[in-house]
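In case you want the letters, here they are:
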2 protein chains.
Amino acid sequence: MSLLVVGSVAIDSIQTPTASRERVLGGSATHFSYSASFFTAVRLVGVVGEDFPQEHIALLRGRNIDTSGLHVVPGGKTFFWKGKYQPNMNDRETLEVQLNVLGDVRPKLPESFRRTDFIFLGNDSPLNQRAVLDQITGPRLVVADTMDLWIREQHAELMALLKRIDGLVMNDSEAKLLTGDENLVAAGHKILKLGPRFVVIKKGEHGAMFFSEHETYVLPAYPTERVIDPTGAGDSFAGGLMGYLAAQGDFDPKTLKEAMAYGILVASFCVEDFSLDRLQQISRGDIDRRMEQYRKMLSF
Amino acid sequence: MSLLVVGSVAIDSIQTPTASRERVLGGSATHFSYSASFFTAVRLVGVVGEDFPQEHIALLRGRNIDTSGLHVVPGGKTFFWKGKYQPNMNDRETLEVQLNVLGDVRPKLPESFRRTDFIFLGNDSPLNQRAVLDQITGPRLVVADTMDLWIREQHAELMALLKRIDGLVMNDSEAKLLTGDENLVAAGHKILKLGPRFVVIKKGEHGAMFFSEHETYVLPAYPTERVIDPTGAGDSFAGGLMGYLAAQGDFDPKTLKEAMAYGILVASFCVEDFSLDRLQQISRGDIDRRMEQYRKMLSF
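Residues numbered from 1 in each chain as written. Chains lettered and ligands numbered in written order. Predicted model: local features only at pLDDT ≥ 70, side-chain atom pairs only at ≥ 80, totals over all residues. Heavy atoms only, no water.

Draft legend 1. Spatial organisation of the nonpolar core. The biggest cluster of nonpolar side chains holds 182 residues, and the ones touching the most others in it are A:Leu219, A:Met242, A:Tyr294, B:Leu219, B:Met242 and B:Tyr294. Leave out the neighbours within four places in its chain, and B:Tyr294 touches A:Phe300, B:Leu219, B:Pro220, B:Ala221, B:Tyr222, B:Ala261, B:Ile264 and B:Leu265. (Core = buried A, V, L, I, M, F, W, Y, C linked by side-chain atoms within 4.5 Å. Buried < 20%, exposed > 50% of the residue type's maximum accessible area, 1.4 Å probe, protein only. Contact = heavy atoms within 4.5 Å.)

Below is the structure:
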């Protein structure tokens, strides 16, 4: 079934304790769509400036990612983020942000995208996320990401959005902030009461938790020594998860759990190099081979 | 097969964000032996003062824990720890420590304990741990715990000990400190090179990792909303793990992985109340029922 992502497309400069890269391809919609494209075709909606390298667009198009929703602002500059990771490769410091074209556009969907079955609303203001939903006709599954900024500063708008989505994906610190509860199991259950039918809490190197009315579970991350750059891991996780769901065409509990595992595994490849570099080296077969090891790891 | 633990027996006063308890039964050997006793008989070696309540000894004896190695120092006072947990229930502050009888005794094993198959050296100075090993004849499996204090202040002694043990159990921050590596997978592999045939890194609410020459895996914690007091969870984990191994009488990779899971589940009960309160309410059947749910959670 069809899959749509609305999110950021960015240029990132990244420093880690051992290496750094200048002006590489980044952004939530970028990592999401590339990761989902291992499983299904993807429709991407985002905005970039005229400075955005054509080769990046070619890279996405070559992966069965429909970029007709990628709006290029004439004379505009692409969203830029510069960050630095601490030695634990988890905490990071933002050194510079240039919102540029991301600052003042409400996302607009091409006519051909308005009927899409599976929707992922990448991290954005709840008002922008709502504006996307208002342009969609009859979606089967809507999943959203959010962040601390919106939890703090657009709380009412976020609460309204939560009543309109099926699934919420967020990281552990955001779940604690949203609920005021330090216990993630309690936090997950509290968020369910705010509207979504399921909640996924990402725990970085510790995996991800799933909550629905009838199920609570946690799956660990795939243990890897090779963590080069964690940027985009969360979006890569969401891309793997939603890509698999859309490919299967359903979201029953069994499929959702498989999708959680695929999300975790695609993310485990994503962190093995900067930007999309590692994902460009692998195939669906590599993911499935890691899945076999992962299943084996979890059975006893 | 026979199982021996050498460790602390303590009186704890504990404050959590929601409750507190004064002078309850604590200590590494206490939590370890009670947890192991769901699976097998246990030999306990430790030291207490004359103030140590008889009812605590009766409680342990009632569980098939042989306390003939519990040395009562005439006129002495039992090791006392007072601590306070932060709202995240992970970080804790020590408010008061009275070493008392723990300060100046080398552990001494009763003659009848010297031939034991499975040995757990609870957290203690590497010199004391070595002194225990020197009293043991022909053990089949020796596993030790340690802590930041010994890593920092008795490094050479610890390095010597690592060459004499089969398995090392420690928590994530200690593994990072010992290796200087922030990546736990890398840290686990580095510790293997220091001597032990397997290494277990405990991650608290995030579960535990296992490393041997041929295997690396991580198992998540059992997700629970009811975290009342994390004190003793790590020792409870080790007790479940070693208790299951001793009951099975082997430590091949399959048994070790099952033992890891049992350790995780016994610890998940331990944190559901103060001291041994929750463990006193449950049976081996309750652990096995949770094991069924845990296995189900990890299969997809």
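Draft legend 2. Focus on the sheet that holds strand 6 (residues 80-85) of chain B. All names here are of chain B. With mixed pairing, four strands are arranged side by side in an open sheet as 3-2-6-7. Edge positions in the sheet fall to strand 3 (20-26) and strand 7 (92-98), since each of these pairs with one other strand and no more. Across the sheet, the mean angle from the axis of one strand to that of its neighbour is 20°, orientation sign disregarded. Both strand 2 (residues 10-15) and strand 3 contribute to a ladder of five bridges, which runs antiparallel. Each bridged residue has a counterpart across the sheet, and for Asp12 the counterpart in strand 3 is Val24. (Pairing = 2+ DSSP bridges. Helix = DSSP H or I, 4+ residues; strand = E, 2+ residues; numbered from the N terminus. Axes fitted to C-alpha atoms, helices over the stretch in contact; angles between N-to-C directions.)

Draft legend 3. Structural context of the relation of the copies chain A and chain B. Least-squares fitting of chain A to chain B yields an RMSD of 0.0 Å, with the superposition described by an axial translation of 0.0 Å and a rotation of 180°. Expressed as an axis order, the relation between the two copies is that of a two-fold axis. The fraction of interface residues of chain A whose copies in chain B are also interface residues reaches 100%, indicating that both copies meet through the same surface. (Least-squares fit on C-alpha atoms with pLDDT ≥ 70 in both.)

Draft legend 4. Examining the sheet that holds strand 13 (residues 216-219) of chain B more closely. Residue and element names in this part refer to chain B. As summarised here, the arrangement of the nine strands in space is 5-4-1-8-9-10-11-12-13, forming an open sheet in which the pairing is mixed. The two strands at the open ends of the sheet, each matched to only one other strand, are strand 5 (65-73) and strand 13. Between one strand and the next, the sheet's axes are offset by a mean angle of 15°, whatever the strand orientation. Pairing geometry for strand 10 (residues 167-171) and strand 11 (residues 198-202), over five bridges, is parallel.

Draft legend 5. The arrangement of helix 6 (residues 172-179) of chain A in detail. All names here are of chain A. Restricting attention to buried positions, one finds in helix 6 the residues Glu174, Ala175, Leu178 and Thr179. Down the axis of helix 6, the buried side of the element spans an arc of 120°, and every buried residue falls inside it. Contacts made by the buried residues of helix 6 are with helix 4 (148-153), helix 5 (155-162), strand 10 (167-171), helix 7 (184-192) and strand 11 (198-202). Just past helix 6, the residue Gly180 takes up positive phi, approximately 70°. (Arc of directions from axis to C-beta.)

Draft legend 6. Representation of the packing of helix 1 (residues 28-36) of chain B against helix 8 (residues 233-248) of chain B in the model. Residues and elements named next belong to chain B. Axis separation between helix 1 and helix 8 bottoms out at 7 Å; the angle between their running directions is 40°. With respect to their mutual orientation, helix 1 and helix 8 come out oblique. Crossing geometry of helix 1 relative to helix 8 is assigned as right-handed. Facing Ser28, His31, Phe32, Ser35 and Ala36 of helix 1, the residues of helix 8 in contact are Asp235, Ser236, Ala238, Gly239, Gly240, Met242 and Gly243. The residue makeup of the contact of helix 1 with helix 8, split by class, is four nonpolar, seven polar and one charged. (Parallel < 35°, antiparallel > 145°, perpendicular 65-115°, else oblique. Left-handed = near helix turned anticlockwise from the far one by under 90°. Nonpolar A, V, L, I, M, F, W, Y, C, P; charged D, E, K, R; others polar.)

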